[in-house]
Amino acid sequence: MEFEFSDLEPADLDEVVELEILCFPTPWRRSLFLEELCRKDQCTWIKASPKDPSTGFKVAAYMGFWRAVDEAHITNLAVRPQFRRQGLARALLNQTLEIAKAKGCLRATLEVRPSNLAARALYESVGFSDAAIRPRYYIDNGEDALIMWKNGL
């Protein structure tokens, strides 16, 4: 399946909130996404939309990052279950890293659950490497977060 990448818009938030609930044990609230979308100088959100309208979705996946000087801090990456294992997460991640680079970011960081082996493998495959641990980062179960960095965007 083919996808188009574009900026996330407030009109997309119903699907984004639905996808947050599907993907994360502690989903972000709609109001937080709306606040992020209003801070375009610091926050960037990209969506992947299926080119085939028969899917019934405008948002197959989304990803966001915060820009802090010359660093991109990846916040969320979510893909609808029916669009997984098709290379969409990798394509969206690469697209987002290119946007971060165009905005002056030299490197990127993120937190990931050590137990999320699929996400870790994805990040490692595009050049992220383990840097540190944030103890008890995830509030739903107290799991640590693995901090990963990618230099040289």
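Everything discussed here concerns the structure shown above.
Cut-offs and rules
Residues numbered from 1 in each chain as written. Predicted model: local features only at pLDDT ≥ 70, side-chain atom pairs only at ≥ 80, totals over all residues. Heavy atoms only, no water. Helix = DSSP H or I, 4+ residues; strand = E, 2+ residues; numbered from the N terminus. Rg over C-alpha atoms; globule rule 2.2 N^0.38 Å. Buried < 20%, exposed > 50% of the residue type's maximum accessible area, 1.4 Å probe, protein only. Contact = heavy atoms within 4.5 Å. Areas by Shrake-Rupley, 256 points an atom, 1.4 Å probe, with all protein chains shown as cover. Lys, Arg positive; Asp, Glu negative; His and termini not counted. Charge placed at Lys NZ, Arg CZ, Asp CG, Glu CD. Arc of directions from axis to C-beta. Pairing = 2+ DSSP bridges. Axes fitted to C-alpha atoms, helices over the stretch in contact; angles between N-to-C directions. Polar contact = N/O pair within 3.5 Å; in protein donor to acceptor, adjacent residues only side chain to side chain.

Colleague: Just checking my understanding: could you explain the overall build of the protein chain for this structure?
Modeller: Counting its secondary structure elements, the protein chain contains four helices and seven strands. Order of helices (α) and strands (β) in the protein chain, N terminus to C terminus: β-α-α-β-β-β-α-β-α-β-β. Computed over the C-alpha atoms, the radius of gyration of the protein chain is 15 Å, within 12% of the 15 Å expected from 2.2 N^0.38 for a compact globule of 153 residues. In terms of overall dimensions, the protein chain has C-alpha extents of about 45 × 35 × 30 Å along its principal axes. Within the protein chain, the proportion of its 153 residues that are buried is 42%. For the protein chain, the proportion of contacts with a sequence separation of at least 24, taken over those separated by at least 6, is 61%. By element, 52% of the accessible surface of the protein chain is carried by carbon and sulfur atoms, the whole surface being about 8,100 Å². For the protein chain, the centre of its 20 positive side-chain charges and the centre of its 22 negative side-chain charges are spaced 2 Å apart.

Colleague: Just to check I follow, could you spell out helix 2 (residues 30-37) for this structure?
Modeller: The α-helix winds at 3.6 residues per turn, so residues separated by three or four positions along the chain end up facing the same way. When helix 2 is considered as a whole, its buried residues turn out to be F33, E36 and L37. For helix 2, the angular spread of buried residues about the axis comes to 100°, placing them on one side. For helix 2, the elements touching its buried residues are helix 1 (13-23), strand 2 (43-50), strand 3 (61-68) and strand 4 (71-79).

Colleague: Which parts of the structure should I look at to understand the sheet that holds strand 1 (residues 3-7)?
Modeller: In spatial order, the strands read 1-2-3-4-5-7-6; together these seven strands make up an open sheet with mixed pairing. Since the sheet does not close on itself, it has two edges, and those belong to strand 1 and strand 6 (129-134), each with one partner. Neighbour-to-neighbour, the strand axes of the sheet open up by a mean angle of 25°, direction not taken into account. Strands in contact with helix 1 are strand 3 and strand 4; relative to strand 4, the strand with the most contacts, it is inclined by about 85°.

Colleague: How should the environment of I21 be read in this particular structure?
Modeller: Following the sequence through the fold, I21 ends up in helix 1. A sequence separation of 18 residues divides I21 from F3, and the C-alpha atoms of the two residues are 22 Å apart.

Colleague: What is the right way to look at the side chain of E15 in this model?
Modeller: Within the secondary structure, E15 sits in helix 1. With relative accessibility at 13%, the residue E15 sits in the buried group. Here the side chain of E15 touches V59 through a polar contact of 2.9 Å, landing on its backbone nitrogen. Once residues within four sequence positions are removed from consideration, E15 is found in contact with F57, K58, V59 and R80.

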